[in-house]
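Read off the chains here:
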Amino acid sequence: MTLPLPQRPCPCPDSPNPHLSCCFLFLQPVQVTEPALAPSPGRVWASGLGNCLSPGLSLPGCTPRKCGRGVTDTVITREEAERIRSIAEKGLSLGGSDGGASILDLHSGALSVGKHFVNLYRYFGDKIQNIFSEEDFQLYREVRRKVQLTIAEAFGISAASLHLTKPTFFSRINSTEARTAHDEYWHAHVDKVTYGSFDYTSLLYLSDYLEDFGGGRFVFMEEGANKTVEPRAGRVSFFTSGSENLHRVEKVRWGTRYAITIAFSCNPDHGIQDPAFP
Ligand SMILES: O=C(O)CCC(=O)C(=O)O
Ligand SMILES: [Fe+2]
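Residues numbered from 1 in each chain as written. Chains lettered and ligands numbered in written order. Predicted model: local features only at pLDDT ≥ 70, side-chain atom pairs only at ≥ 80, totals over all residues. Heavy atoms only, no water.

- If you check an unreviewed UniProt entry, the protein chain appears there as 2-oxoglutarate and iron-dependent oxygenase domain-containing protein 3 from Sapajus apella.
- Under the Sequence similarities (unreviewed entry) heading, UniProt states for the protein chain: "Belongs to the OGFOD3 family."
- If you open the UniProt record of the protein chain and go to Cofactor (unreviewed entry), you find "L-ascorbate". (UniProt positions renumbered as here; feature names shortened; annotations may be inferred.)

What follows is the structure in structure tokens.
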């Protein structure tokens, strides 16, 4: 099935900003395998629904033409995704949650260990320089830069108005049963609510659905018409972080799923520096 091109303007009835409209926006037609959305290589797909009134989005240069979503397979190469996945593997091999979901945040140093988190930089001290390299951090920066430009272009905003925000983290999910609330990644949520500073969320997938793991698809929840993104190495999914993009992740049934979350705030006060080689 092929989704149609943009249909109609659909202004948010209660929007304080007349430039924001909130219906589906398909930048390009894209093949859809039901119930999953699987963009063909080279395609950017975007849609948006509902309310997109996060106050952050009204900051200068940061107001999207439409609130919405995009998925692209052409911004990050598979080779880059494999290299960045090896950073995640190295870091997460130092710890790992007892439950199914582990995170590594290169900015804050947070690493899941058992039922808790440690600060990687404090815990491992100088030894960390034998684990990560300057190139690893360069790669993160390059990926962040490309994703930032992609979001700016897709939403018609200025790349300079986007500020990397925290948390920015790798996730590794397997089918081990949850031990603490931190392992319960599958709950439906709105990123703006969960993370506060997020205005634009991106997810770069680092492994392949059905090759490396089963379950673990990303689901945008819409009344009567959920939209599903199948992770695959190098695929970038990005979206405005408000309630227009309520979502959840299916439970991983087998294998291991890697991803990295890179999010942006329109508010410079919520900006952080790129993670840096310690
Ligand atoms: O890993 C994913 O696909 C999504 C994770 C997520 O929704 C989040 O970290 O807020
Ligand atoms: Fe999320």
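What to know about the environment of Q129
- Its location among the elements puts Q129 in the loop between α2 (120-124) and α3 (134-155).
- For Q129 and P278, which are 149 residues apart along the polypeptide, the C-alpha to C-alpha distance reads 7.0 Å.
- When near neighbours in sequence (up to four residues on either side) are disregarded, Q129 contacts F277 and P278.
- A polar contact of 2.8 Å, which involves the side chain of Q129, links it to the backbone oxygen of P278. (Helix = DSSP H or I, 4+ residues; strand = E, 2+ residues; numbered from the N terminus. Contact = heavy atoms within 4.5 Å. Polar contact = N/O pair within 3.5 Å; in protein donor to acceptor, adjacent residues only side chain to side chain.)

Some words on the nonpolar core
- One finds F170 and Y200 to be the most contacted residues of the largest nonpolar core, which totals 43 residues.
- Counting only elements with at least two residues in this core, the list comes to α1 (78-92), α2, α3, β8 (163-173), β9 (200-205), β13 (236-240) and β16 (257-265).
- The greatest single-element share of this core, amounting to nine residues, is contributed by α3.
- Membership of the second largest hydrophobic core comes to 15 residues, among which are V71, F220, V229 and V252. (Core = buried A, V, L, I, M, F, W, Y, C linked by side-chain atoms within 4.5 Å. Buried < 20%, exposed > 50% of the residue type's maximum accessible area, 1.4 Å probe, protein only.)

Some remarks on α1
- Here α1 is 15 residues long and its end C-alpha atoms lie 20 Å apart, about the 21 Å a rise of 1.5 Å per residue gives.
- Within the sequence span of α1, burial applies to E80, A81, I84, R85, I87, A88, G91 and L92. Each buried residue of α1 lies within a common arc of 150° when the element is viewed along its axis, so the set occupies one face. (Expected span 1.5 Å × (residues − 1). Arc of directions from axis to C-beta.)

Notes on the state of the cysteines
- With the rule as written, the count across this model stands at one disulfide.
- Two residues, C62 and C266, share a disulfide whose sulfurs are 2.0 Å apart. With the S-S dihedral at roughly -75°, the linkage between C62 and C266 falls on the left-handed side. Of this pair, C62 sits in the loop between β2 (36-37) and β3 (69-72) while C266 sits in the segment after β16; the two residues are 204 residues apart in sequence, bridging distant segments of the chain. Take C62 and C266: they sit in the same class, and that class is buried. (Disulfide = S-S within 2.5 Å.)

So, the environment of D73
- Here D73 shows up in the loop between β3 and α1.
- Looking at D73, the relative accessible area reads 11%, which means it is buried.
- For the pair D73 and R235, spaced 162 residues apart in sequence, the C-alpha separation works out to 4.6 Å.
- A distance of 2.8 Å separates a polar atom in the side chain of D73 from a polar atom in the side chain of R235.

Some remarks on the site of ligand 1
- Close contacts around ligand 1 come from F169, H189, D191, Y195, L203, Y205, F218, H247, V249, R257 and T261, and that covers them all.
- Between ligand 1 and the protein, one listed contact pairs an oxygen atom with a side-chain N or O atom of Y195 at 2.9 Å.
- Within the side chain of Y205, an N or O atom sits 2.6 Å from an oxygen atom of ligand 1.
- Coverage of ligand 1 by the protein chains reaches 91% of its 290 Å² of free accessible surface. (Near = heavy atom within 4 Å. Areas by Shrake-Rupley, 256 points an atom, 1.4 Å probe, with all protein chains shown as cover.)

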